[in-house]
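# Residue-level structure breakdown
This is what each chain is made of:
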Amino acid sequence: MKALTELNKTLSHAEAVQYSPLTLAFFGDSVYEELVRSELILTANMPARKLHTHAVKLVCASYQARAAHYLCENAFDEQEEYIYKRGRNANGINAPKSSTNADYRAATGLAAGFGYLALTGRRQRCGELYEIIRNNIKE
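Per chain, the residues get numbers from 1 upward, laid out in the order the sequence is written. Thresholds applied to this predicted model are a pLDDT of at least 70 for local features of residues and 80 or more for the giving and counting of side-chain atom pairs; totals over whole chains, interfaces and linings are not thresholded and use all residues. In computing side-chain values, all of the structure's heavy atoms are included and hydrogens and water are not.

Helix numbering and strand numbering both begin at the N terminus, where a helix is a DSSP run of H or I of at least 4 residues and a strand a DSSP run of E of at least 2. Counting its secondary structure elements, the protein chain contains 8 helices and 0 strands. Reading the protein chain from its N terminus to its C terminus gives the helix and strand order α-α-α-α-α-α-α-α. Computed over C-alpha atoms, the radius of gyration of the protein chain comes to 15 Å, within 12% of the 14 Å expected from 2.2 N^0.38 for 139 residues, which places it in the range of a compact globule. Dimensions of the protein chain, computed from the C-alpha atoms along their principal axes, are close to 40 × 35 × 30 Å. We call a residue buried when its accessible area falls under 20% of the maximum for its residue type, exposed when it is over 50%, and partly exposed in between, using a 1.4 Å probe and counting protein chains only. In the protein chain, buried positions account for 36% of the 139 residues. When checking whether two residues touch, look at their non-hydrogen atoms; a contact exists if any pair is within 4.5 Å. Partitioning the intrachain contacts of the protein chain with sequence separation of at least 6 by distance along the chain shows that 72% fall at a separation of at least 24. Per-residue accessibility takes into account occlusion by the displayed protein chains alone, with areas from the Shrake-Rupley method and a 1.4 Å probe. Accessible area for the protein chain stands at about 8400 Å²; split by element, carbon and sulfur atoms hold 52% of it. With the radius of gyration taken over C-alpha atoms, the globule rule is written as 2.2 Å times the number of residues to the power 0.38.

See below:
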């Protein structure tokens, strides 16, 4: 097991892009969900069941796909768009029955972007992108 300090290290761009896009998405899902959950508990003190119901709307593939398309057109820099496209176009993505393949691929790309940014020490940028999403994409 690696030491906690090693697990918290920041990767360079060159190191981060060596990870598969699905690995970046695996990590990025947790980064994005943490932002969703933080927003929910900081804006409304409600029962956990209601929090969960609301969170599901914000992490579902169709919502994330709309967010990804918006960010591609309005907010991503060149590097972020590159990572998004790597995630979206990755092999081995199997959409669940609750989602279209296109939505699931776009959501995977978005998650890869959040994973990349977090691993390269750009969590503030994750927050900025999340704010853009929440200010522009309706549930």
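What follows continues from the structure just given.
Before going further, it helps to examine the nonpolar core. With 33 residues, the main nonpolar core has Tyr32, Val36, Leu71, Leu110, Phe114, Leu129 and Ile133 as its most contacted residues. For this core, the secondary-structure elements that each account for two or more residues are α3 (21-43), α4 (48-59), α5 (61-74), α6 (78-88), α7 (101-119) and α8 (123-136). Here the element with the most residues in this core is α7; it accounts for 8 residues. When neighbours within four sequence positions are excluded, Tyr32 is seen to be in contact with Leu58, Val59, Tyr63, Gln64, Leu110, Phe114, Tyr130 and Ile133. What makes a nonpolar core is a set of buried Ala, Val, Leu, Ile, Met, Phe, Trp, Tyr and Cys residues whose side-chain atoms join them at distances within 4.5 Å.

Only one rule defines a salt bridge in this text: a Lys or Arg side-chain nitrogen within 4 Å of an Asp or Glu carboxyl oxygen. Considering all chains together, one arrives at 9 salt bridges under this definition. In this structure, Arg122 and Glu80 form a salt bridge, with 3.4 Å as the shortest nitrogen-oxygen distance. On the criterion of sequence distance, the pair formed by Arg122 in the loop between α7 and α8 and Glu80 in helix α6 is long-range, its members being 42 residues apart. Since its relative accessible area comes to 27%, Arg122 is described here as partly exposed.

This part covers the environment of Ala90. Tracing the chain through its elements places Ala90 in the loop between α6 and α7. Remark: the alpha-carbon pair of Ala90 and Thr10, spanning 80 residues in sequence, is separated by 24 Å. Discounting residues that sit within four places of it in the chain, Ala90 has contacts with Pro21, Leu22 and Arg105.

This part covers the packing of aromatic side chains. Pairs were defined over the aromatic rings of Phe, Tyr and Trp, the Trp ring being its six-membered one, requiring ring centres within 6.5 Å. Orientation was assigned from the angle between planes: stacked under 30 degrees, edge-to-face over 60, tilted for the rest. On inspection of all chains with the given rule, the structure shows 3 aromatic pairs. For the pair Tyr32 and Phe114, a centre-to-centre distance of 5.5 Å together with 70° between the ring planes defines the contact as edge-to-face. With Tyr32 in helix α3 and Phe114 in helix α7, the pair connects residues that are 82 residues apart, well separated along the chain. For the residue pair Tyr32 and Phe114, the accessibility class agrees, reading buried in each case. On the basis of an interplanar angle of 40° and a centroid distance of 6.0 Å, the ring pair of Phe76 and Tyr84 is categorised as tilted. Residue class for Tyr84 comes out buried when judged on its relative accessible area of 1%.

Among the structural elements, Met46 can be located in the loop between α3 and α4. Through-space distance from the C-alpha of Met46 to that of Val17 is 40 Å; in sequence the pair is 29 residues apart.

Time to look at the packing of α3 against α4. Fitting a line to C-alpha atoms yields each axis, with helices limited to the stretch in contact; the angle taken between N-to-C directions then spans 0 to 180 degrees. Look at α3 against α4: their axes get within 10 Å of each other, and the N-to-C directions meet at 140°. Classified by the angle their axes make, α3 and α4 are oblique. The handedness of the crossing between α3 and α4 is right-handed. From α3, Tyr32, Glu33, Val36, Glu39, Leu40 and Ile41 reach across to α4, where they touch Leu51, His54, Ala55, Leu58 and Val59. A class-by-class count of the residues in the contact of α3 with α4 yields 8 nonpolar, 1 polar and 2 charged. Small angles under 35 degrees read as roughly parallel and large ones over 145 as roughly antiparallel, with 65 to 115 read as roughly perpendicular and the rest as oblique. A clockwise turn of the near helix away from the far one marks a right-handed crossing, whereas an anticlockwise turn of less than a right angle marks a left-handed crossing. For this classification, the nonpolar set comprises Ala, Val, Leu, Ile, Met, Phe, Trp, Tyr, Cys and Pro, the charged set comprises Asp, Glu, Lys and Arg, and every other residue, Gly included, is treated as polar.

Keep in mind these numbers describe shape, not what the thing actually does.
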